[in-house]
Amino acid sequence: MKFDLTNTLTLLALVTGTLSAPEPVPDVQADKAAAMKEAGLGFTPRDAPDSLVKRACDYGTGCRSVGSGSTWWTGAGKYCGFCFQVDAEHTFVNSHLYQLNSGTGSRSCCDYGVATSCRNEWAANPHYRKCGNNDRGF
């Protein structure tokens, strides 16, 4: 079989046409948004692009701060559960972020819940330690 320019171009068009025309993929987010709107659920500001909503801090978890009288104290702030500043004698979770004040009572600590920074740091470096006072929690 002898190929000339017409046959070559036709074959090329057929091959590239079948390889470059993928099937459309449904937009799952758009489908979910439509279903939520139909159900009357709508969107909250947290769901909007580029938005960050403050989380509630739960004082009812039983966590406690070591307090300002401790050698581990570095100041009121946010600490991961694996930090010495979160009193280990009370309830704590390594992957959670806690807001501590300078007290030692039941209202000295509140729990923001799981924080990606705490979870990832504990997975990479799983030991208890004195932490810095910063927004990462360690």
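Just above, that's the structure.
Residues numbered from 1 in each chain as written. Predicted model: local features only at pLDDT ≥ 70, side-chain atom pairs only at ≥ 80, totals over all residues. Heavy atoms only, no water.

A. Representation of the overall build of the chain in the model. Regarding its fold elements, the chain presents three helices and three strands. If you list the helices and strands of the chain from N to C, you get α-α-β-β-β-α. The 138 residues of the chain split such that 25% are buried. By sequence separation, contacts in the chain at least 24 residues apart represent 53% of the contacts at least 6 residues apart. Surface summary for the chain: the accessible area is close to 9600 Å², and the carbon and sulfur share equals 58%. (Helix = DSSP H or I, 4+ residues; strand = E, 2+ residues; numbered from the N terminus. Buried < 20%, exposed > 50% of the residue type's maximum accessible area, 1.4 Å probe, protein only. Contact = heavy atoms within 4.5 Å. Areas by Shrake-Rupley, 256 points an atom, 1.4 Å probe, with all protein chains shown as cover.)

B. Expanded view of the sheet that holds strand E2 (residues 96-100). Reading across from one edge, E1-E2-E3 is the order of the three strands in this open sheet, with antiparallel pairing throughout. At either end of the open sheet lies a strand with only one pairing partner, and these are strand E1 (77-80) and strand E3 (109-114). Within this sheet the neighbouring strands show an average axis-to-axis angle of 25°, counted without direction. Relative to E3, E2 runs antiparallel, the two being bridged by five bridges. Pairing of Tyr98 across the sheet is with Asp111, part of E3. (Pairing = 2+ DSSP bridges. Axes fitted to C-alpha atoms, helices over the stretch in contact; angles between N-to-C directions.)

C. Fine view of the pattern of salt bridges. Counted by the stated rule, this structure contains one salt bridge. Between Glu121 and Arg129 there is a salt bridge, and its shortest N-O distance comes to 2.7 Å. Arg129 shares its class with Glu121; the two are buried. (Salt bridge = Lys/Arg side-chain N within 4 Å of Asp/Glu carboxyl O.)

D. Main features of the environment of Thr116. Within the element layout of this structure, Thr116 appears in helix H3 (residues 116-124). Along the backbone, Thr116 and His96 are 20 residues apart, and their C-alpha atoms lie at a distance of 8.6 Å.

E. Spatial organisation of the nonpolar core. In terms of nonpolar packing, the biggest core is built from 16 residues, with Phe82 and Leu100 touching the most fellow members. Counting only elements with at least two residues in this core, the list comes to E1 and E2. Among the elements that make up this core, the one with the highest residue count is E2 (three residues). (Core = buried A, V, L, I, M, F, W, Y, C linked by side-chain atoms within 4.5 Å.)

F. Spotlight on the state of the cysteines. Tallied over the entire structure, the rule returns four disulfides. Disulfide pairing is shown between Cys57 and Cys110; the S-S distance is 1.8 Å. Around the S-S axis, the bridge from Cys57 to Cys110 shows a dihedral of about 90° and counts as right-handed. Taken together, the residues span a long stretch of sequence, with Cys57 in the loop between helix H2 (28-38) and E1 and Cys110 in strand E3 at a distance of 53 residues. (Disulfide = S-S within 2.5 Å.)

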